Amino acid sequence: MKDSTSVDIPETSADARGEAPLFTGKSSSGGGIIYAHKPSSAQKKGLAIFDLILRISAIVTCLAAATAMGTAEQTLPFTTQFFKFDAGYDDMPSFLVFVICFGIASCYFLLSLPFSIVSIIRPQASGPRILLVIFDTMVLGLTMASAAAATSIVYLAHNGNSSTNWLGVCQQFTDFCQATSGAVVGSFIAVAIIALMLILSGASLRKH
Amino acid sequence: MKSGPNAKASANKHDGCSPPNAGAKRVIAVLDLVIRVAAFIGTLASGVAMGTADQRLPFSTRFVHFKAVYDDLPALTFFVVANGVVSAYLLILGMPLSLLHFIRSGATKSRVILIILDTVMLALLTAAASAAASIIYLAHEGNSSANWLAICRQFRFFCRRMTGSLIGSLGAMTLLAALIILSGVAISRRRR
């Protein structure tokens, strides 16, 4: 004669959706109710919708930063025999890397939209989310690195450096300077959006 | 009160790890500690190398500087500070927690905290290393459009020091990334 009070209850549909408290007959303490603190299906769906919105805004922001930097170009109306007086993004390797990396980032976010939509339709599936987390982390590192590199060059262009005798070129190339500075500011916003996206994905993936 | 078979099953579960699990856990913990020590040494060495790089050229004129120190360039200052912060974090928080995980294959909460802080430190180090890398590239190559001369021709010792420090920091970044992946693996294994 068993002393236990284990009760066999078949899985309800609420349980399958992840909304019922876990009430199984297999618990080690003999059938107590174990409340799961994992996010419910509705919460996961909400987080996934917000993730989609963030993803779309990340596409727009990354594209804007890349375009602003890519179209920054200025030719001064005078020349001399030895000095160049035109500036474009491909004159500085940091800016070139910036344009390329943010182009890659915005294309990646565009391609990741289907996975995001799948995780809205099926909130409990963690496969697409994990894939997105892995690639989002890589893209975060990429964008952060290129934003930081471009920032140091833009700072140098604004202020120059007396120790290395590098003159600040913003006095002459005002339009170019404004465009690149705006692009760098936009890239900071993009990096913040990507970081927020990553944190939210982590929050919706937890199991306890 | 637990029934017979149920009690035995739960007793087996909480008994301590079965041998293959324990072996793998030890390996992960040891690897974590070793990589953390290596990253600490890497960031400390990079910060110190950049911070003590100093070169004075033996000639000077009235208007032009001929001295190079890390705090002449803001990006290099940021680099030194970031390396200092990451190595301090590894020394004060990272290595003791890792040692704790090695002694007691312990709670998940401290592992999660460790992963979060590792990610933050990796982000900081990445930003600092990239900013310094763009400045060091400029120092090596110069830029003809902005008429910035490559200073490496004159400040050869300073240049070599800077570049070596940056490479060490990039290696430490790779180790930090490996640490994050390792911690993730360790956390996901504990859920069984």
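Residues numbered from 1 in each chain as written. Chains lettered and ligands numbered in written order. Predicted model: local features only at pLDDT ≥ 70, side-chain atom pairs only at ≥ 80, totals over all residues. Heavy atoms only, no water.

An unreviewed UniProt entry lists chain B under the name CASP-like protein, from Kalanchoe fedtschenkoi. The UniProt entry for chain B carries the following comment under Subcellular location (unreviewed entry): "Cell membrane". (UniProt positions renumbered as here; feature names shortened; annotations may be inferred.)

Per an unreviewed UniProt entry, chain A goes by CASP-like protein and derives from Kalanchoe fedtschenkoi. Chain A has a UniProt comment under Subunit (unreviewed entry) that states "Homodimer and heterodimers." The UniProt entry for chain A carries this comment under Sequence similarities (unreviewed entry): "Belongs to the Casparian strip membrane proteins (CASP) family."

A. Structural detail: the UniProt feature "transmembrane region" (unreviewed entry) in chain A. Residues and elements named next belong to chain A. Taking the numbering used here, the UniProt-annotated feature "transmembrane region" (unreviewed entry) corresponds to residues 52–72, 92–118, 130–157 and 183–205. Split by type, residues 52–72 is 90% helix and 0% strand. Its first and last C-alpha atoms lie 30 Å apart. Helix makes up 100% of residues 183–205 and strand 0%, with an end-to-end C-alpha separation of 33 Å. (Helix = DSSP H or I, 4+ residues; strand = E, 2+ residues; numbered from the N terminus.)

B. Layout of helix α3 (residues 93–121) of chain A. Relative to the 42 Å expected for 29 residues at 1.5 Å per residue, α3(A) spans 43 Å between its end C-alpha atoms, a close match to the ideal helical length. Of all the bends in α3(A), the greatest reaches close to 35° and is centred on A:Ser112; the proline A:Pro114 follows between one and four positions later. (Expected span 1.5 Å × (residues − 1). Bend = angle between axes of the 7 residues up to and from the residue.)

C. Fine view of helix α4 (residues 127–159) of chain A. Counted at 1.5 Å a residue, the expected span for α4(A) with its 33 residues is 48 Å, and the 48 Å between its end C-alpha atoms agrees. Downstream of α4(A) by one or two residues, A:Gly160 has phi in the positive range, about 70°.

D. Broad picture of the UniProt feature "transmembrane region" (unreviewed entry) in chain B. Residue and element names in this part refer to chain B. UniProt annotation of "transmembrane region" (unreviewed entry) refers to residues 33–53, 73–100, 112–139 and 166–187 when read in the numbering used here. As annotated, residues 112–139 comprises 100% helix and 0% strand, and the C-alpha atoms at either end are separated by 40 Å. End C-alpha to end C-alpha, residues 166–187 measures 32 Å, and it is 100% helix and 0% strand.

E. Quick peek at a nonpolar patch on the surface. All names here are of chain A. On the surface, Phe-115, Ile-130, Leu-131, Ile-134, Phe-135 and Met-138 cluster together into a nonpolar patch covering about 520 Å² of accessible area. If you tally residues by element for the nonpolar patch, the top one is α4, at 5 residues. Residue placement: Leu-131 occurs in helix α4. (Patch = residues over 30% accessible without salt bridge, like charges linked within 9 Å, V, L, I, M, F, W, Y side chains within 5 Å. Areas by Shrake-Rupley, 256 points an atom, 1.4 Å probe, with all protein chains shown as cover. Salt bridge = Lys/Arg side-chain N within 4 Å of Asp/Glu carboxyl O.)

F. Molecular detail of the pattern of salt bridges. This structure, assessed with the given rule, holds 5 salt bridges over all chains. Between A:Asp51 and A:Arg55 there is a salt bridge, and its shortest N-O distance comes to 3.2 Å. Of the two residues, A:Asp51 and A:Arg55 are both situated in helix α2 (residues 41–70); the distance of 4 residues between them amounts to about one turn of the helix. Overall, the relative accessible area of 0% leaves A:Arg55 in the buried class. Close ionic contact of B:Asp32 with B:Arg36 constitutes a salt bridge, the shortest N to O distance being 3.3 Å. Residue B:Asp32 and its partner B:Arg36 are both found in helix α2 (residues 19–51); the two are separated by 4 residues, about one turn of the helix. Residue B:Arg36 is classed as buried on the basis of its relative accessible area, which comes to 0%. (Buried < 20%, exposed > 50% of the residue type's maximum accessible area, 1.4 Å probe, protein only.)

G. The arrangement of the state of the cysteines in detail. Going through the model one piece at a time under the given rule, you end up with 2 disulfides over all chains. Between the sulfur of A:Cys170 and that of A:Cys177 lies a disulfide, 1.3 Å long from S to S. Judged by relative accessible area, which is 9%, A:Cys170 ranks as buried. Note that B:Cys152 is cross-linked by a disulfide to B:Cys159, the S-S spacing being 1.5 Å. Looking at A:Cys62, it has no disulfide partner, and the nearest cysteine sulfur is the one in A:Cys107, 10 Å off. This cysteine, A:Cys101, is not joined by any disulfide, and A:Cys62 carries the nearest cysteine sulfur, 11 Å off. (Disulfide = S-S within 2.5 Å.)

H. Just the packing of α4(A) against helix α5 (residues 174–205) of chain A, in detail. All names here are of chain A. Running from N to C, α4 and α5 point in directions that differ by 155°, and their axes come no closer than 9 Å. What the angle tells us is that α4 and α5 run roughly antiparallel. Seen along the crossing, α4 lies across α5 with a hand that is left-handed. Here the contact of α4 with α5 is composed, by residue class, of 18 nonpolar, 9 polar and 2 charged. (Axes fitted to C-alpha atoms, helices over the stretch in contact; angles between N-to-C directions. Parallel < 35°, antiparallel > 145°, perpendicular 65-115°, else oblique. Left-handed = near helix turned anticlockwise from the far one by under 90°. Nonpolar A, V, L, I, M, F, W, Y, C, P; charged D, E, K, R; others polar.)

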